[in-house]
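The lines below spell out each chain.
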Amino acid sequence: PQEVTVKTSDLAAPPLRLQVAARSKAGEEQKEPRELGKTTKSRAKEYLLKHGIEEKLAQAVKALLKEQPEDPMDFVCRFLSDGRLCKEALEAAEGRG
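K.L.:
Just to check I follow, could you spell out the pattern of salt bridges for this structure?
P.N.:
A side chain of one charge can pair with a side chain of the opposite charge if their charged atoms are brought near each other. In the structure shown here, the tally under the stated rule is 1 salt bridge. Salt-bridge contacts for Asp74 lead to Arg78; the nearest nitrogen and oxygen are separated by 2.8 Å. Note that Asp74 and Arg78 are positioned in helix α3 (residues 72-80) at a spacing of 4 residues, about one turn of the helix. Judged by its relative accessible area of 11%, Asp74 is buried. Residue classification places Arg78 among the partly exposed residues on the basis of a relative accessible area of 30%.

K.L.:
It is not clear to me how unusual backbone geometry should be interpreted in this structure. Could you clarify?
P.N.:
The phi angle of most residues is negative, glycine excepted, and most peptide bonds adopt the trans form. Located in the positive-phi region is Gln68, a residue other than glycine, with phi close to 45 degrees. Turning to its location among the elements, Gln68 is positioned in the loop between α2 (53-67) and α3.

Cut-offs applied
Per chain, the residues get numbers from 1 upward, laid out in the order the sequence is written. Selection of residues for local features in this predicted model requires a pLDDT of at least 70, selection of side-chain atom pairs for listing and counting requires 80 or more, and totals for whole chains, interfaces and linings are taken over all residues. Side-chain metrics in this entry use all non-hydrogen atoms of the structure; hydrogen atoms and water are not considered. Within this document, salt bridges are pairs made up of a side-chain nitrogen of Lys or Arg and a carboxyl oxygen of Asp or Glu, the two lying within 4 Å of each other. The helix and strand labels rest on DSSP assignments: H or I over at least four residues marks a helix, E over at least two residues marks a strand, and numbering proceeds from the N terminus. For each residue, the accessible area found with a 1.4 Å probe, counting protein chains only, is set against the maximum for its type, and the residue is called buried under 20%, exposed over 50%, and partly exposed in between.

As structure tokens, this is what we get:
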């Protein structure tokens, strides 16, 4: 896994550190490990930036720390999905639903 530091526009919020793991697609030409790491990291950063993932995650964590709900996973899931229900999806994925 590669560590990616996510900085937000909110100066009061600390940067987030995410562990990102990526695998090559089948049939993709094998590259030197160092080159592959740079390419993978670059693609991961581009993807996160393109979709605003870093900022949205930072907003979710900030709201989570402010609210401190009883069920933090459900809170973050609802925050990221703009209110759509996902607690059932989490429970189903964990085998509880």
